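Here's the letter readout for the chains.
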Amino acid sequence: MVAVEPAVAVAGLEKRFGDVPAVKGIEFTVAPGEIFGFLGPNGAGKSTTINMLCTLLRPSAGTARVAGHDVVRERDDVRRNIGLVFQDPTLDGYLSGEQNLRFHAELYGVPRSAVAPRMRQVLEMVGLWERRSDKVLTYSGGMKRRLEIARGLLHSPRVLFLDEPTVGLDPQTRSSIWDYIRELRAAEEITIFMTTHYMQEADCQLWHA
Ligand SMILES: Nc1ncnc2c1ncn2[C@@H]1O[C@H](COP(=O)(O)OP(=O)(O)OP(=O)(O)O)[C@@H](O)[C@H]1O
């Protein structure tokens, strides 16, 4: 039997900022299709780790492979295969939901003929298809987060990184975001790597930094 390559494989991964050891030699693997919750107290190095996995920060030591590619030597391959939903919103409020997604599709070079059907699919998945023509500044906090998730999925990534996907949302909206995340995994065979403080809700494999 051929061994399945992990979606994320980290070995001896370290990051120092001057004298500050932000990440101290961590190891873990995430299997394809898994929902992986990355936990730790404030300052434990979660954001630094996620930034290294997304190729935004270069590790000081160790290795990390994402979707089968090395985060340092095969940076572009990693980038093509991942979606990002970070805490700081990066949507343009003066554009509609649909326009925000179109802009992202161009950035990622999604083939023109694939954009419209894929956009409909991801907007329906997060329940925003009916609101697609409204400006994002008229959306609620939960709707904005759902639009960010839809955008992170638009280019069909193999691994989706979510940094605190439900922070600042009310319990009902949090629970509906978890429903979307679980549905997503079933529908897209995607691997989900997330940081969260809500471990009871997350219902996933957990790893403590
Ligand atoms: N650019 C940087 N320069 C210097 N030190 C940094 C930098 N980024 C992070 N650190 C330090 O690295 C350590 C880990 O920070 P990091 O943001 O990764 O933690 P975290 O687990 O994500 O925390 P939180 O839950 O508060 O977001 C902290 O001591 C932080 O001060």
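Above this note sits the structure.
Within each chain, residue numbers correspond to sequence positions counted from 1 in written order. Restriction of local features to residues with pLDDT of at least 70 applies here, the model being predicted, together with a cutoff of 80 or more for giving and counting side-chain atom pairs; totals for whole chains, interfaces and linings are based on all residues. Side-chain metrics rest on all non-hydrogen atoms present in the structure, leaving aside hydrogens and water.

**Comments concerning the packing of helix H3 (residues 97–107) against helix H4 (residues 112–125)**
Between N-to-C directions, angles cover 0 to 180 degrees, with each direction set by a line fitted to C-alpha atoms, over the stretch in contact for helices. Comment: elements are numbered from the N terminus, with helices defined as DSSP H or I runs of at least four residues and strands as E runs of at least two. One way to put it is that H3 packs onto H4 with a least axis distance of 11 Å and a crossing angle of 135°. If you check the angle between H3 and H4, you find them oblique. Crossing geometry of H3 relative to H4 is assigned as right-handed. Touching Glu98, Leu101, Arg102, Ala105 and Glu106 of H3 are Arg112, Val115, Met119, Val122 and Leu123, all from H4. Within the contact of H3 with H4, the residues separate by chemical class into six nonpolar, no polar and four charged. Relative orientations are named as follows: roughly parallel for angles under 35 degrees, roughly antiparallel for angles over 145 degrees, roughly perpendicular for angles from 65 to 115 degrees, and oblique for any other angle. Less than a right angle of anticlockwise turn of the near helix away from the far helix marks a crossing as left-handed, whereas a clockwise turn marks it as right-handed. Every residue pair with non-hydrogen atoms within 4.5 Å of one another is taken to be in contact. Amino acids are sorted into nonpolar (Ala, Val, Leu, Ile, Met, Phe, Trp, Tyr, Cys and Pro), charged (Asp, Glu, Lys and Arg) and polar (every other residue, Gly among them).

**Structural notes on the layout of surface pockets**
Cavities and pockets are found on a 1 Å grid laid over the protein atoms alone: a cavity is a set of points where a 1.4 Å probe fits but cannot escape, a pocket is an open set with protein on both sides within 12 Å along at least five of seven lines, and a lining residue has an atom within 4 Å of such a point. Grid points are joined across faces, edges and corners, and a volume is the space filled by probe spheres set on the points. The computed volume of the largest pocket comes to approximately 340 Å³. Every residue lining the largest pocket is counted, 16 residues in all, and those nearest its centre are Leu84, His104, Leu107, Tyr108 and His155. Broken down by secondary-structure element, the contributors of at least two residues to the lining of the largest pocket are helix H2 (75–80), strand S6 (82–85), H3 and helix H5 (141–153). Taken together, the residues of the lining of the largest pocket sort by class into five nonpolar, five polar and six charged.

**Regarding the pattern of salt bridges**
Two side chains of opposite charge can pair, provided their charged atoms sit close to one another. Salt bridge, as used here, is a side-chain nitrogen of Lys or Arg placed within 4 Å of a carboxyl oxygen of Asp or Glu. A full pass over the atoms with the stated rule returns ten salt bridges. Between Glu106 and Arg112 there is a salt bridge, with the nearest N and O atoms lying 3.5 Å from each other. Classification of residues uses two cut-offs on accessible area relative to the type maximum, computed with a 1.4 Å probe and protein chains only: under 20% is buried, over 50% is exposed, and between them is partly exposed. On the basis of relative accessible area, Glu106 is assigned to the exposed category, the value being 57%. Looking at Arg112, the relative accessible area reads 73%, which means it is exposed. As a salt-bridge pair, Arg131 and Asp134 come within 2.5 Å of each other at their nearest N and O atoms. Arg131 gets classed as partly exposed once you look at its relative accessible area, which sits at 30%. For Asp134, a relative accessible area of 30% gives the class partly exposed.

**Re the site of the ligand**
The environment of the ligand is formed by Phe17, Val20, Ala22, Pro41, Asn42, Gly43, Ala44, Gly45, Lys46, Ser47 and Thr48. Side-chain atoms alone can form a polar contact between residues adjacent in sequence; in general such a contact is a pair of N or O atoms within 3.5 Å, and within protein one must be able to donate a hydrogen while the other accepts it. Here an oxygen atom of the ligand and a side-chain polar atom of Lys46 are 2.8 Å apart. With residues, only the protein chains shown are counted as cover, and all accessible areas are computed by Shrake-Rupley using a 1.4 Å probe. Protein coverage of the free-state accessible area of the ligand, which is 640 Å², stands at 56%. Counting only elements with at least two residues in the shell around the ligand, the list comes to strand S2 (20–30) and helix H1 (46–53). If one sorts the elements of the shell around the ligand by residue count, H1 sits on top with three residues. Here a residue is considered near a molecule or strand provided that any single heavy atom belonging to it is located within 4 Å of it.

Everything listed is a geometric property; what it means functionally is a separate question.
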